[in-house]
Amino acid sequence: MDHFLYKDGVLCAEEVPIPEIAAAVGTPFYVYSTATLLRHFQLFDEALEGMDHLVCYAMKAASNQAILKTLAQAGAGMDVVSGGEYMRAKAAGVPGDKIVFSGVGKTAAEIRLALEGGIRQFNVESEPEMEVLNATALALGVTAPITIRVNPDVDAKTHAKIATGKSENKFGIPISRAQEVYALAGAMQGLEVIGIDVHIGSQLTDLSPFELAYQKVAELTVQLRAEGHNIRRLDLGGGLGIPYARDNQAPPLPSDYGALVKRTLGHLDCEIEIEPGRLIAGNAGLMVSEVIYVKSGEDRDFLIIDGAMNDLIRPAMYEAYHDIVPVIEPDAGIEQVKFDIVGPVCESGDTFAKGRAMPPVAAGELVAFRSAGAYGAVMSSEYNSRPLIPEVLVHKDQFAVIRPRPTFDEMINRDTIPSWL
Ligand SMILES: *Cc1c(COP(=O)(O)O)cnc(C)c1O
């Protein structure tokens, strides 16, 4: 559920009417609901109740400082995948011992940054990374706590671009080689092996791939302990999906997921870490856009809006579906019409939906993309020299701009001119 509902015929973010925000910041923009962010975090926290656990928000889903602070103040840890994300988490006040460092290509500089600033653990993804981490830790005179990310060769049954747990994916080490790699890690003086990590993909709408993966992790825990490794923390990754279409069958709830974690891993007496991103931020955000033109084509009508693929790339990149709704509630029973909904960018791929049935809307009216909170603003660019769109956070009846729209000058003046010009 989310906190974007029609009140008196106008779509609101919590208690703030969307047109009020549009008038203040212009379109397009992203808007997030504090209540939805917190509710989703709490659902995960409650789902793991009774087990020693930490919910580490995968901040690549939406990494604005205000979002991080909102979740950190509720007790969330952070899962980071770059030096930039690590610095963002620290800047938002997250202590190092609540930051987990994931990612397949951590550089020596990023590793040093995290070792110096404090880190809960590194989720190591390869032997060469392990060697660099060991050498960096020894040079600094510290020990790096690690889990090793195992690739369980499980089909997550999701979009190919966000599946990460099959043997052909670049992530982790094959689970069949785990004992060998753990033995290597155990012999390195700069490392302290504390656990196992697994993350099989994103937007999973079925629990069975998680179940398969976690059963393999349970077996591996027993094996590694028998070989003398003190496995005491299991990082189970993220990946639980959200409903993007209203009529979708709802994916499993965090409580179902929590029950699965307890069933498969509860007997091992390990601390559990999870790294949800999409399920925390996805339905907590909208992208709001204004209709520029309604253009009649030969065999279809185009809704040309001021948001584009550079602002929200998911439809172009993953063929993703977003519900797109008028901000002014249509009359009940109004006849739907079909539009191709497109942005102004000079690419045919700048298409949000084809033949989408929706209530008629006209130029100057606002539309909202639902479920745009995750992998939205963070994946945006200034392609076609369209300045990054603002982000707004709502809390009850208040709203604040949490990232302003750059002016044209700010955008242009980021470039510098070489002396010969
Ligand atoms: C992307 C990612 C996540 C978050 O995935 P969601 O589908 O957004 O929950 C968690 N852990 C790792 C290692 C990731 O790469």
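Residues numbered from 1 in each chain as written. Predicted model: local features only at pLDDT ≥ 70, side-chain atom pairs only at ≥ 80, totals over all residues. Heavy atoms only, no water.

Moving on, we get to the pairing of strand β17 (residues 337-342). Bridge count for strand β15 (residues 301-305) against β17 is 3 bridges, and the pairing is parallel. Within β17, the residue paired with F302 across the bridge is D340. (Pairing = 2+ DSSP bridges. Helix = DSSP H or I, 4+ residues; strand = E, 2+ residues; numbered from the N terminus.)

A word on helix α3 (residues 65-73). The complete set of buried residues in α3 reads I67, L68, T70, L71 and A72. At the N-terminal end of α3, a side-chain oxygen is found 2.8 Å from the backbone nitrogen of A66, two or three residues along, and the residue is N64. Two residues or fewer past α3, G75 is found with a positive phi of approximately 110°. (Buried < 20%, exposed > 50% of the residue type's maximum accessible area, 1.4 Å probe, protein only. Polar contact = N/O pair within 3.5 Å; in protein donor to acceptor, adjacent residues only side chain to side chain.)

Turning next to the site of the ligand. Neighbouring residues of the ligand: 15 residues in total, closest K60, S202, E275, R278 and Y375. With respect to the ligand, the backbone of G239 contributes an N or O atom lying 2.8 Å from an oxygen atom. Within the contact set of the ligand, a nitrogen atom lies 2.5 Å away from a side-chain nitrogen or oxygen of E275. For the ligand, the accessible surface in isolation is 390 Å², of which the surrounding protein chains cover 93%. Placement of the ligand is best described as lying within the largest pocket. (Near = heavy atom within 4 Å. Areas by Shrake-Rupley, 256 points an atom, 1.4 Å probe, with all protein chains shown as cover. 1 Å grid on protein atoms, 1.4 Å probe; cavity = no way out; pocket = protein on both sides within 12 Å on 5 of 7 lines; lining within 4 Å. Sits in = over half its atoms within 2 Å of the grid points.)

What follows is about the sheet that holds strand β2 (residues 10-13). With antiparallel pairing, 3 strands are arranged side by side in an open sheet as β1-β2-β3. Each having just a single partner strand, β1 (4-7) and β3 (16-17) make up the two edges of the open sheet. Summarising the sheet, β1 and β2 pair through 4 bridges and their orientation is antiparallel. Within β2, the residue paired with L5 across the bridge is C12.

As a further point, take empty space enclosed by the protein. Following the criterion strictly, the structure yields 1 cavity of 30 Å³ or more and no others. What the largest cavity holds in volume is close to 30 Å³. For the largest cavity, the full set of lining residues is F44, G237, G238, G239, L240, Y257, I274, E275 and P276. Classifying every residue of the lining of the largest cavity by side-chain character gives 5 nonpolar, 3 polar and 1 charged. (Points joined across faces, edges and corners; volume = space filled by probe spheres on them. Nonpolar A, V, L, I, M, F, W, Y, C, P; charged D, E, K, R; others polar.)

In this section: the pattern of salt bridges. Oppositely charged side chains are able to pair whenever their charged atoms sit close together. Taken as a whole and assessed by the stated rule, the structure comprises 18 salt bridges. Among the salt bridges present, the one from E273 reaches R120, with a minimum N-O distance of 2.6 Å. Highlighted residues: E273 in strand β13 (residues 271-274) and R120 in the loop between α5 (108-117) and β8 (121-124), separated in sequence by 153 residues. As far as burial versus exposure is concerned, E273 and R120 are alike and both buried. For the salt bridge of D340 with R300, the shortest nitrogen-to-oxygen distance reads 2.8 Å. Of this pair, D340 sits in strand β17 while R300 sits in the loop between β14 (285-296) and β15; the two residues are 40 residues apart in sequence, bridging distant segments of the chain. Owing to a relative accessible area of 34%, R300 belongs among the partly exposed residues under this scheme. (Salt bridge = Lys/Arg side-chain N within 4 Å of Asp/Glu carboxyl O.)

What follows covers the environment of C12. Along the polypeptide, C12 turns up in strand β2. Residues C12 and V327, 315 residues apart in the sequence, show an inter-C-alpha distance of 8.3 Å. For C12, the contacting residues outside a window of four places in its chain are H3, F4, L5, K7, P17 and I18. (Contact = heavy atoms within 4.5 Å.)

Another aspect to go through is the side chain of N123. Inspection of the secondary structure assignment puts N123 in strand β8. For N123, a relative accessible area of 0% corresponds to the buried category. Polar side-chain contacts of N123 include one of 2.7 Å to the side chain of Q121.

Along the chain, T27 connects to P28 via a cis peptide bond; the corresponding omega equals -10°. Relative to the helices and strands, P28 is located in the loop between α1 (18-25) and β4 (29-33). Although it is not a glycine, K157 adopts a positive phi angle of roughly 50°. Structurally, the position occupied by K157 is in the loop between β9 (144-151) and β10 (173-174). Note on K157: relative accessible area 54%, which makes it exposed. One non-glycine residue, D269, adopts positive backbone phi at about 55°.

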